[in-house]
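Understanding the architecture of this molecule
Residue-level listing of the chains:
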Amino acid sequence: MIRNFLRNFMIGRYGPDHLNIAMIIFSFVLSIVHGITRFTPILYISYIVLALAVFRVLSRNIPRRRAENDKFIRYWWPVRTRLKRVFTEIKDRRIYKYFKCPSCGNTLRVPKGKGKLQVTCPKCGERFFKKS
């Protein structure tokens, strides 16, 4: 019964997307910072960001919300990709050593502890020697 009500209520509305999730997480982080610092304006900003996220979810202006999300993703995706790469390198630092190709800048991974290796870049074919 409640599920049908919510389903009918959300017909024609935008719903959640990547920007909404980011806004909710940002609001949560601001709330935690407020709990630590007790600086009241941070809490107000947190409420404003959360209210904007709820407004975006319930909005009926779907093309505008989609354009906002596309713009957000255009800026966020390279940051996300870089963060994922850094965390992967940190996780694998005991097993692999990472190098940049001197020619094209591609990131290459070789197993650690194998001595001096000739590394061939799969992207440009450049060959160089590195100690693993």
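This text gives an overview of the structure that appears in the document.

Cut-offs used in this document
Residues numbered from 1 in each chain as written. Predicted model: local features only at pLDDT ≥ 70, side-chain atom pairs only at ≥ 80, totals over all residues. Heavy atoms only, no water. Disulfide = S-S within 2.5 Å. Buried < 20%, exposed > 50% of the residue type's maximum accessible area, 1.4 Å probe, protein only. Helix = DSSP H or I, 4+ residues; strand = E, 2+ residues; numbered from the N terminus. Polar contact = N/O pair within 3.5 Å; in protein donor to acceptor, adjacent residues only side chain to side chain. Contact = heavy atoms within 4.5 Å. Salt bridge = Lys/Arg side-chain N within 4 Å of Asp/Glu carboxyl O. Axes fitted to C-alpha atoms, helices over the stretch in contact; angles between N-to-C directions. Parallel < 35°, antiparallel > 145°, perpendicular 65-115°, else oblique. Nonpolar A, V, L, I, M, F, W, Y, C, P; charged D, E, K, R; others polar. Phe/Tyr/Trp six-rings, centres within 6.5 Å; stacked < 30°, edge-to-face > 60°. Lys NZ or Arg CZ within 6 Å of the ring centre and 35° of its normal.

Attention now goes to the state of the cysteines. Among covalent bonds in proteins, the disulfide is the one between the sulfur atoms of two cysteines. According to the stated counting rule, one finds zero disulfides in the structure shown. Of all cysteine sulfurs in the structure, the one in C121 sits closest to C104, which takes part in no disulfide; the separation is 3.6 Å. Taking the relative accessible area as the measure of exposure, C121 reaches 2% and is therefore buried.

What follows deals with the side chain of R65. Relative to the elements of secondary structure, R65 occurs in helix α4 (residues 62-91). Given a relative accessible area of 6%, R65 falls into the buried group. Within the local environment of R65, its side chain forms a polar contact with the side chain of S59, the two groups lying 2.8 Å apart. Setting aside its immediate chain neighbours within four residues, R65 contacts Y14, D17, F55, R56 and S59.

What follows deals with the pattern of salt bridges. All told, the structure shown has three salt bridges when counted by the stated rule. R56 is the salt-bridge partner of E68, the closest N and O atoms lying 2.8 Å from each other. Remark: R56 occurs in helix α3 (residues 40-58) and E68 occurs in helix α4; sequence separation between them is twelve residues. E68 gets classed as partly exposed once you look at its relative accessible area, which sits at 25%. One salt bridge connects R65 with E68, and the closest N-O pair in it is separated by 3.0 Å. Of this pair, R65 and E68 both sit in helix α4, three residues apart, roughly one helical turn. Taken together, the salt bridges that share partners define one network made up of D17, R56, R65 and E68.

Moving on to the packing of helix α2 (residues 18-37) against α4. Put simply, α2 and α4 touch, their axes get as near as 8 Å, and they point 70 degrees apart. Judged on the interaxial angle alone, α4 and α2 are roughly perpendicular. Contact residues: α2 offers H18, L19 and A22, while α4 offers E68, N69, F72 and I73. Partitioned by chemical class, the residues of the contact of α2 with α4 number four nonpolar, two polar and one charged.

This part covers the environment of R3. For R3, the position within the fold is in helix α1 (residues 2-9). Taking C-alpha positions, R3 is 57 Å from G113, a pair spaced 110 residues apart along the chain.

A word on the side chain of S59. By the secondary structure assignment, S59 is in the loop between α3 and α4. If sequence neighbours within four positions are ignored, S59 has contacts with G12, R13, Y14 and R65.

What follows concerns the packing of aromatic side chains. Inspection of every chain in the model, using the stated rule, returns two aromatic pairs. Here F5 and F9 contribute two aromatic rings whose centre-to-centre distance is 6.2 Å and whose plane-to-plane angle is 20 degrees, an arrangement assigned as stacked. Taken as a pair, F5 and F9 lie in helix α1 at a separation of four residues, close to a single helical turn. Exposure remark for F5: the relative accessible area of 53% places this residue in the exposed category. Residue F9 is classed as partly exposed on the basis of its relative accessible area, which comes to 34%. Judged by centre distance (6.3 Å) and plane angle (10 degrees), the rings of F72 and W76 are stacked. Of this pair, F72 and W76 are both found in helix α4, four residues apart, which corresponds to roughly one turn of the helix. Here the basic side chain of R80 rests over the ring of W77, its NZ or CZ set 4.5 Å away from the ring centre. The ring of Y96 has R109 sitting right over it, with the charged end atom 3.9 Å from the ring centre.

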